[in-house]
Amino acid sequence: MTTFLNRNKIDIVFVDWFGVLSTNFYWCVQSQKDKLLKEWCNCVFEDADILNEWMRGKLSLEYLSEFRVKVSPDYIITKFLEDLRFYKPDSKILNTIDIMFPNAKKYLVTDNMPLFKYILNEYNYLNSYFDKMYLSHDISLLKNDKPISLFDHIQNDLGLNNFQNCLLIDDNKDNCQNFSDKGGRYILIN
């Protein structure tokens, strides 16, 4: 049985990046134009261990540029920047969150790699929209890490006993379940 979500009692809304605020894959256009870049993207993104270590900030772009498919780090960044307009955050989602939870603090919580800084620089209004950002590559934890996750870090950082009166908006069922296990509510975006 589901319980009613009293929007007025939500103090904090945690918002995911990919799959919620932005739905385009990185290098979504450039990798279709460039065979070598496509091979590199496939090799990195299809290897969950490598991708997760990159999102934990444990692997550098220089290392990954030599990983299986060799591509210059500068070239990877240049192509990333050429697709930057495709990573624009969905303003309708941001506005909807404000309308639904006008008194709640908003935090961006993303499993992401260090290249995310280019997105934050381009769409710098995100810095004023969110009260704080929790970026996996800065904290070295992912949302679904065990036994200690990014959510554990956030709970400790914010001084919360649990995530009661908190809401997560995410597209990953496991992340939502982990958040729920810590007392929070969630909206799963499919």
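Residues numbered from 1 in each chain as written. Predicted model: local features only at pLDDT ≥ 70, side-chain atom pairs only at ≥ 80, totals over all residues. Heavy atoms only, no water.

Caption draft 1: Structural context of the sheet that holds strand S3 (residues 132–135). With parallel pairing, the five strands of this open sheet are ordered in space as S3-S2-S1-S4-S5. Two strands in the sheet have a free side with no partner beyond their single neighbour: S3 and strand S5 (185–188). Adjacent strand axes in the sheet meet at a mean angle of 20 degrees when their direction is disregarded. One ladder, built from four bridges, connects strand S1 (residues 12–15) with strand S4 (residues 166–170); its direction is parallel. Bridging across to S4, valine 13 finds its partner in leucine 167. The strands touched by helix H10 (residues 150–158) are S1, strand S2 (105–110), S3 and S4; relative to S3, the strand with the most contacts, the crossing angle is about 150 degrees. (Pairing = 2+ DSSP bridges. Helix = DSSP H or I, 4+ residues; strand = E, 2+ residues; numbered from the N terminus. Axes fitted to C-alpha atoms, helices over the stretch in contact; angles between N-to-C directions. Contact = heavy atoms within 4.5 Å.)

Caption draft 2: Up close: the nonpolar core. One finds Val13, Tyr26, Trp27, Trp40, Trp54, Ile119 and Phe130 to be the most contacted residues of the largest nonpolar core, which totals 47 residues. Apart from residues no more than four positions distant in its own chain, phenylalanine 130 is found in contact with Val15, Leu21, Leu94, Lys106, Tyr107 and Leu108. Formed by 14 residues, the second largest nonpolar core is a distinct cluster that contains Tyr107, Val109, Phe151 and Phe163. (Core = buried A, V, L, I, M, F, W, Y, C linked by side-chain atoms within 4.5 Å. Buried < 20%, exposed > 50% of the residue type's maximum accessible area, 1.4 Å probe, protein only.)

Caption draft 3: Region of the structure containing the packing of aromatic side chains. For the coordinates displayed, the defined rule picks out 22 aromatic pairs. Ring geometry for tyrosine 26 versus phenylalanine 80: centroids 5.1 Å apart, planes at 80 degrees, classification edge-to-face. Placement of tyrosine 26 in the loop between S1 and helix H1 (30–33) and of phenylalanine 80 in helix H5 (residues 73–82) is noted, with a sequence separation of 54 residues between them. In this structure, tyrosine 26 and phenylalanine 80 share a single accessibility class: buried. (Phe/Tyr/Trp six-rings, centres within 6.5 Å; stacked < 30°, edge-to-face > 60°.)

Caption draft 4: A look at the side chain of aspartate 145. Tracing the sequence through the fold places aspartate 145 in the loop between helix H9 (136–139) and H10. Of the polar contacts made by the side chain of aspartate 145, one reaches the side chain of arginine 56; its length is 2.6 Å. Engagement of the side chain of aspartate 145 in a polar contact is seen with the backbone nitrogen of leucine 142, the distance being 2.8 Å. Apart from the residues within four sequence positions on either side, aspartate 145 is in contact with Arg56 and Ser140. (Polar contact = N/O pair within 3.5 Å; in protein donor to acceptor, adjacent residues only side chain to side chain.)

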